[in-house]
Every structure is written in C-alpha cells, then in structure tokens.
Amino acid sequence: MPEGDVVYRTARRLGRALDGRVLVRSDFRVPRYATADLTGRRVLETVSRGKHLLTRVEGDLTVHTHLRMEGSWQISPAGRRVPPGDVVRLLLANTEWQAAGVRLGMVDLVATAGEHRLIGHLGPDPLGPDWDVAEAARRLTRDPRATIGEALLDQRNLAGVGTVYRAETLFLAGVSPWRPVGEIEDVEGIAALARRLLHANRDRATRATTGDPRPGRDMWVYGRAGRSCLRCGHRISRGEMGAQPQERLIFWCRHCQPGEPAG
Ligand SMILES: [Zn+2]
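Residues numbered from 1 in each chain as written. Predicted model: local features only at pLDDT ≥ 70, side-chain atom pairs only at ≥ 80, totals over all residues. Heavy atoms only, no water.

Digging into the overall build of the chain
- Helix and strand content of the chain: six helices and 10 strands.
- At 20 Å, the chain has a C-alpha radius of gyration in line with the 18 Å of a compact globule built from 263 residues.
- The C-alpha extent of the chain, read off along each of the three principal axes, is 60 × 35 × 30 Å.
- Contacts in the chain between residues far apart in sequence, at least 24 positions, make up 59% of those at least 6 positions apart.
- Accessible surface, the chain: about 12600 Å² in total, of which carbon and sulfur atoms supply 48%.
- Put simply, the chain has 40 plus and 31 minus side-chain charges, and the middle of one group is 5 Å from the middle of the other. (Helix = DSSP H or I, 4+ residues; strand = E, 2+ residues; numbered from the N terminus. Rg over C-alpha atoms; globule rule 2.2 N^0.38 Å. Contact = heavy atoms within 4.5 Å. Areas by Shrake-Rupley, 256 points an atom, 1.4 Å probe, with all protein chains shown as cover. Lys, Arg positive; Asp, Glu negative; His and termini not counted. Charge placed at Lys NZ, Arg CZ, Asp CG, Glu CD.)

The following block contains the structure:
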C-alpha cells in the first residue's frame, strides 16, 4: 500500500502536469460524479495530506483521491492511449498532459471550503507544512492501552504512516510493536523518527530506511521475516496486528525490540 512518501511524490507529479493549466477534459468514471465536468477550469495545485490527495481547481472545487491498496496516478503526454478496461476511475487532461487515476480507492468532488469533512480527522502529517510532533505524540497516547504498533497506523494520530514505516520506525526506536503506548516513555521520539524516515525518502524513487538502497539491505525488518537482523543477527519475526479483517503485517526483532507481553 502506498505510504506518505509515495503519495507526496504523486502530488508533486500531478502538480507538475496539471498546476496552472486549464483542463480540456475531465472524465469521472465513478457513478456518483458521472455528470461532473471540470472542463475549462484551471487547476490551482495538488497537495498531499497523509495518504490523501487534494487537487484544487478554480471555482472553489477540490478533487479528492486516495490510492488505497493498489491505486496510482499515471501521467502521460496528452492524446496518448489511456490504460484500457475499467481500471481508470478519473481522467484529467490539459493540452499538454493527461493524468489517469487508476484503481483509485476513493474519488470525491467537494467544495474546497469543505475539504475538512474528508481530511479533518487526520493527525499531523510528517511531510506537511504544519507538522507538530507534540500534537502527534498527544494523539498517539490518547488510548494508553493501545499498542504502539496499532497507534502508529491509525491515521487520526499521524497521517501517512503505513506498515513499512511503522515497522522500520519501531525497529530504530528499539521498541516492541506490542507495547502499550502508556508504557512508553518517549512517544514523541518515535513520532520524530517516523517523520525523519518519511522525510529522507520523500524524494527517492527507491525507498531505503537503512541508508543502503541495495535489495535485501534497504530495510531493517520489513519483509525480512526469518532472516538475520542487520544489527544483532537474531531472526526477524513476522506477525499480524489489528482486529480482523483489518489486520496488517508487522515485522520486528525480538532481541532489538524487547518488551513483548507474554502469551
Ligand atoms: Zn536485532
């Protein structure tokens, strides 16, 4: 699933293709907005907020999209063939570029003044201009019984962290994902670490949290179940966190990240 760094780069790619240009085509292929037409309107900007994308269009309109599990925005010169089949949910084009929203998880068209109804619940965005580490820590610790692993993935606490950055952040912090947040002294330090990792990768096409982009060396724990910890040599563990059907993968090193509850 795309995490904050990928969504941030997607916003910049969309911005380079669409910002400041007048739309000559808009094709919403979702029933709710089948008749919506943005043709003739200028795109003002596209910004990311956590995993959400907001494309603001003149006339107080915002196109809200979310990549969810497998969505992407494919940008190509105007007039090129659009991906076939029913995978395209939204097409926006100007005279130079076209942007095809493929398998998007969400498509909404709202008043710009009403964006908060879609994204107002989100916690601070580590890649946003209004990042507030103290506020992120406050939200992460709201329920002291919640595990830090679950709290980090809750977008109401911190917007943009997914399973990759959750696992890597907690490894670097030396904290077991299963520890309740109420037992952790430096939650603010964990939020700051998550921000540092996302920030370091926001301009990179190849994600690496170790500083080494080589395959198999690029992540400390994520995707490395059963292999040796790059720091201590113990086997990396893999599990699932969260209630069904929302459970999501977690990877950790039992030696570097102690404090797992018994049983
Ligand atoms: Zn280790």
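Read on, since the account is not over.
Here we look at the pattern of salt bridges
- A complete count under the given rule lists 16 salt bridges for this structure.
- One salt bridge in this structure joins Asp27 and Arg25, with 3.7 Å as the shortest N-O distance.
- For Asp27, a relative accessible area of 22% translates into the label partly exposed.
- According to the relative accessible area criterion, Arg25 is partly exposed, its value standing at 36%.
- Linking Arg179 and Glu183 is a salt bridge whose minimum nitrogen-to-oxygen distance equals 3.9 Å.
- The class of Arg179 is partly exposed, set by a relative accessible area of 23%.
- A network of salt bridges, in which partner residues are shared, links Arg12, Arg202 and Asp203. (Salt bridge = Lys/Arg side-chain N within 4 Å of Asp/Glu carboxyl O. Buried < 20%, exposed > 50% of the residue type's maximum accessible area, 1.4 Å probe, protein only.)

Re the side chain of Arg224
- Relative to the elements of secondary structure, Arg224 occurs in the loop between α6 (187-201) and β9 (236-241).
- Salt bridges are absent for the buried Arg224, whose nearest opposite-charge side chain, Asp218, sits at 6.6 Å.
- Discounting residues that sit within four places of it in the chain, Arg224 has contacts with Gly216, Met219, Cys229, Leu230, Ile236 and Phe251.

Remarks on the side chain of Asn157
- Counting through the fold element by element, Asn157 comes out in the loop between α4 (148-153) and α5 (163-173).
- For Asn157, a relative accessible area of 5% translates into the label buried.
- Among the polar contacts listed, one links the side chain of Asn157 to the backbone oxygen of Ala151, at a separation of 2.9 Å. (Polar contact = N/O pair within 3.5 Å; in protein donor to acceptor, adjacent residues only side chain to side chain.)

Comments concerning the coordination of the zinc ion
- Only Cys229 (SG), Cys232 (SG), Cys253 (SG) and Cys256 (SG) from the protein coordinate the zinc ion, and they sit 2.2 to 2.4 Å from it.
- What the four donor atoms of the zinc ion show is an angle range of 99 to 114° at the metal, which sorts the shape as tetrahedral.
- Read in sequence order, the donor residues for the zinc ion give the motif C-x2-C-x20-C-x2-C. One end of the pair, Cys229, is in the loop between α6 and β9; the other, Cys256, is in the segment after β10 (248-253), with 27 residues separating them in the sequence. For the pair Cys229 and Cys256, a shared accessibility class is recorded, and that class is buried. (Donors = N, O, S within 2.8 Å, 3.2 Å for Na, K, Ca; no water. Tetrahedral: all angles 85-135°; square planar, octahedral: opposite > 155°, others 65-115°.)

A closer look at the sheet that holds strand β6 (residues 88-93)
- Ordered in space as β1-β6-β7-β5, the four strands form an open sheet in which the pairing is antiparallel. Since the sheet does not close on itself, it has two edges, and those belong to β1 (25-28) and β5 (72-77), each with one partner. For this sheet the average axis-to-axis angle between neighbouring strands, irrespective of direction, equals 15°.
- Sheet topology places β5 next to strand β7 (residues 97-102); six bridges connect them, and they run antiparallel. Bridging across to β7, Ser72 finds its partner in Val102.
- Here helix α1 (residues 4-18) sits on the sheet and contacts β5, β6 and β7; the angle it forms with β5, its principal contact strand, is near 30°. (Pairing = 2+ DSSP bridges. Axes fitted to C-alpha atoms, helices over the stretch in contact; angles between N-to-C directions.)

Quick notes on the sheet that holds strand β2 (residues 43-49)
- Reading across from one edge, β2-β3-β4-β8 is the order of the four strands in this open sheet, with antiparallel pairing throughout. The strands lining the two open edges of the sheet, one partner per strand, are β2 and β8 (106-111). Along the sheet, successive strands turn relative to each other by an average axial angle of 20°, direction set aside.
- When strand β3 (residues 52-57) meets strand β4 (residues 61-66), the two strands line up antiparallel, connected through six bridges. Residue pairing for β4: Val57 is matched across the bridge by Leu61.
- Against the sheet, α1 touches β2 and β3, its axis set at about 175° to β2.

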